[in-house]
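Here is how the chains run, residue by residue.
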Amino acid sequence: MLGTSEILSLLGILGEGYRLSCLYRCQDALDVFLKLSHKQYNTSWVLSQVGKSYFELVDYLEADRAFSLARRASPYSLEGMDIYSTVLYHLKEDMKLSYLAQELVSTDRLAPQSWCAMGNCFSLQKDHETALKNFQRAVQLNSRFAYAHTLCGHEYVSLEDFENGIKSYQSALRVDARHYNSWYGLGMIYLRQEKFEFSEHHFRMAFQINPRSSVIMSYLGTALHTLQRSEEALSMLEKAILADKKNPLPMYQKANILMNLEDFDEALEVLEELKEYAPRESSVYALMGRIYKRRNMPEKAVFHYGLALDLKPSATDVATIKAAIEKLLVPDELQDYL
Amino acid sequence: MATETSEGEEEVKITGGNQVLLVDDDLREMGKEAAWSVSSCKTGNGVSSLRDDNLDTYWQSDGAQPHFVNIQFQKKVKLQLVVIYVDFKLDESYTPGKICIRAGDGFHNLKEIKTVELDKPTGWVYISLSGNEARETFVNTFMLQISVLSNHLNGRDTHLRQIKIYGPRPNPIPHQPFQFTSREFTTYSIIR
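All values derive from a computational prediction rather than experimental measurement.

Conventions and cut-offs
- Residues numbered from 1 in each chain as written.
- Chains lettered and ligands numbered in written order.
- Predicted model: local features only at pLDDT ≥ 70, side-chain atom pairs only at ≥ 80, totals over all residues.
- Heavy atoms only, no water.
- Disulfide = S-S within 2.5 Å.
- Buried < 20%, exposed > 50% of the residue type's maximum accessible area, 1.4 Å probe, protein only.
- Pairing = 2+ DSSP bridges.
- Helix = DSSP H or I, 4+ residues; strand = E, 2+ residues; numbered from the N terminus.
- Axes fitted to C-alpha atoms, helices over the stretch in contact; angles between N-to-C directions.
- Parallel < 35°, antiparallel > 145°, perpendicular 65-115°, else oblique.
- Left-handed = near helix turned anticlockwise from the far one by under 90°.
- Contact = heavy atoms within 4.5 Å.
- Nonpolar A, V, L, I, M, F, W, Y, C, P; charged D, E, K, R; others polar.
- Expected span 1.5 Å × (residues − 1).
- Salt bridge = Lys/Arg side-chain N within 4 Å of Asp/Glu carboxyl O.

Chemist: What should I look at first to understand the state of the cysteines in this one?
Modeler: All names here are of chain A. Counted under the stated rule, the structure contains zero disulfides over all chains. Cys-152 supplies the cysteine sulfur nearest to Cys-116, a cysteine that is in no disulfide, at a spacing of 8.2 Å. Given the relative accessible area of 0%, Cys-116 is considered buried. In this structure Cys-121 is a free cysteine whose sulfur lies 13 Å from that of Cys-116, the closest cysteine sulfur available.

Chemist: Hey, could you run me through the sheet that holds strand 6 (residues 81-87) of chain B in this one?
Modeler: Note: strands within a sheet are paired through backbone hydrogen bonds, in either parallel or antiparallel orientation. Residue and element names in this part refer to chain B. With antiparallel pairing, the four strands of this open sheet are ordered in space as 2-12-6-9. Every interior strand has two partners, whereas the edge strands, strand 2 (27-29) and strand 9 (122-128), have only one. With strand direction ignored, the average angle separating the axes of adjacent strands in the sheet is 25°. The pairing of strand 6 with strand 9 spans seven bridges and is antiparallel. Across the sheet, residue Ile-84 finds its bridge partner in strand 9, namely Val-125.

Chemist: Honestly, the packing of helix 6 (residues 81-90) of chain A against helix 7 (residues 94-107) of chain A in this entry has me stumped. Any pointers?
Modeler: Packed helix pairs are specified by the crossing angle of their axes together with the interaxial distance, meaning the distance between the axes. All names here are of chain A. Contact pair helix 6 / helix 7: the axes reach a minimum separation of 9 Å and the direction vectors enclose 160°. The orientation of helix 6 relative to helix 7 falls into the category roughly antiparallel. When you trace helix 6 past helix 7, the crossing you get is left-handed. Residues Met-81, Tyr-84, Ser-85, Leu-88 and Tyr-89 of helix 6 form the contact with helix 7, whose own contacting residues are Lys-96, Leu-97, Leu-100 and Leu-104. For the contact of helix 6 with helix 7, the residue count by class is seven nonpolar, one polar and one charged.

Chemist: Where do I start with the pairing of strand 6 of chain B in this structure?
Modeler: Residues in a regular strand point their side chains to alternate faces of the sheet. Residues and elements named next belong to chain B. Taken across its seven residues, strand 6 has seven buried, putting it largely inside the fold. Burial along strand 6 is two-sided: Leu-81, Val-83, Tyr-85 and Asp-87 and Val-82, Ile-84 and Val-86, pointing in opposite directions, are all buried. With five bridges joining them, strand 6 and strand 12 (residues 162-168) adopt antiparallel strand pairing. Across the sheet, residue Tyr-85 finds its bridge partner in strand 12, namely Gln-162.

Chemist: Got a minute to help me understand helix 5 (residues 60-73) of chain A in this structure?
Modeler: Residue pairs three or four apart in sequence face the same way in an α-helix, which turns once every 3.6 residues. When the terminal C-alpha atoms of helix 5 of chain A are compared, their 20 Å separation across 14 residues agrees well with the 20 Å that a helix rising 1.5 Å per residue should span. Within helix 5 of chain A, burial applies to A:Tyr60, A:Ala63, A:Asp64, A:Ala66, A:Phe67, A:Ala70 and A:Arg71.

Chemist: What exactly am I supposed to notice about the pattern of salt bridges here?
Modeler: Pairing is possible between side chains of opposite charge, provided their charged atoms come close. Residue and element names in this part refer to chain A. As enumerated under the stated definition, the model contains 19 salt bridges over all chains in all. A salt bridge links Arg-71 to Glu-103; the shortest N-O distance between them is 3.3 Å. Within this pair, whereas Arg-71 is found in helix 5, its partner Glu-103 is found in helix 7, the two being separated by 32 residues in sequence. Look at Arg-71 and you get buried, because its relative accessible area is 13%. Taking the shortest distance from any N to any O, the salt bridge between Glu-238 and Lys-254 comes out at 3.2 Å. Of this pair, Glu-238 sits in helix 15 (residues 230-243) while Lys-254 sits in helix 16 (residues 249-260), and the two are 16 residues apart along the sequence. Take Glu-238: its relative accessible area is 36%, and that puts it in the partly exposed class. With a relative accessible area of 14%, Lys-254 lands in the buried category.

Chemist: Help me out: how do you make sense of the packing of helix 11 (residues 162-175) of chain A against helix 12 (residues 180-192) of chain A in this one?
Modeler: All names here are of chain A. The geometry of helix 11 relative to helix 12 is characterised by a closest axis approach of 9 Å and an angle of 155° between their N-to-C directions. In this view, helix 11 runs roughly antiparallel relative to helix 12, as classed from their interaxial angle. Remark: the crossing between helix 11 and helix 12 carries left-handed chirality. Listed contacts from helix 12 to Phe-162, Gly-165, Ile-166, Tyr-169, Ala-172 and Leu-173 of helix 11 are Ser-182, Trp-183, Gly-185, Leu-186, Ile-189, Tyr-190 and Arg-192.

Structure representation (structure tokens):
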């Protein structure tokens, strides 16, 4: 009798944790899993669930830790290894990622997880064609594996093939309508294609499924701003900032919106704060330069543009920034000619 | 832009060539989005040989110089780099000696942007399209024309084995004025 109730309470905790993580209440799920005994917590299934929860909370370092413990506990388990490879992708751990992919493929070359890891590995090297082939193999092996469809979608987007990207995301959603990554992917495509109503709709679907993700909130805010609903956008971004203090994205987008609303002082205030958090982020200085330029403070603009250039921005941005500096240095009466 | 600039005036001389195709991470190949055509070709050595990723096949022109390769895009694109594969050891007098690259909206208003001279090259030859000034880093164009003005050893027809066209990768995040550079920003900026 005692044994039965103990097993029931154990399964109760496991079930509750799994339920919460499916609802994307990841912090709550983590708290529930902590109630487990040491022995139960250190099983690979629990550890990979913990890793998944940290992954959803955008805490990739902790996720990496949990997943590597899970792998140590049972090296041949494939559960959650697709997510683990994505964690390593985000952390840009190319060596660890390629090792993981090799190991998984040699463990089971017929499992979709193995090929997802392999694809992530190629995607990190910016070889998107090969990555796509690997993800397509994962789809072939198990067409009910939603994440592989989504990853195909991401690769199509990287290759700027948006039509097929949309198809892949939609196949993912046919398998699992609660797979919010695909709703997000669709939102991103429509945002790029400037179909703003569509974009807002899809980000909102993602948001309804995972209402705690600050990243989704940020993009929903951006979509609202493009629809000229700046009030709503700013309050959504405010929510995003509160949801995850470590995420700099909503603050940056807030500054961008404030600049477009010509509220320069407040925008600069936000950017000053961001500068403290990420002192090596070129785009922060570039945006400050742009604001100072619009406020007719050329010295400060040049200073910030210069800082932005020192932090190795992309070639496109180097060209944009240098052109902006050139224009600043040209006297007003000549500006019309440029 | 109406004003004439000095671009295209200077000539670059290129010797050698690279055995491995190595291109900056910020760039991506864009040739597959374009319609490719050539001024003339020998049967079996047509335009498709330029794009088959096979260094053993080649396009061979069949007519009077200059020989053209036309690359037309459906929309205006930003381009930065052209890479061609030529092989003096195999092609000898068929190897291009002087190449000129023009850009424009269509055949009617092509304007020269770069002329390069090749000196017995074998391998991948990089031809940057950037001008001297910052705003000339990229060429914004609908069409690119690569013309072979002359060959080595006064050869008449020409061989080109591969052509790759590169432009900058677009910002992974739409509607953002600048690309993110630090890890703090990039890890948070996408969901995967």
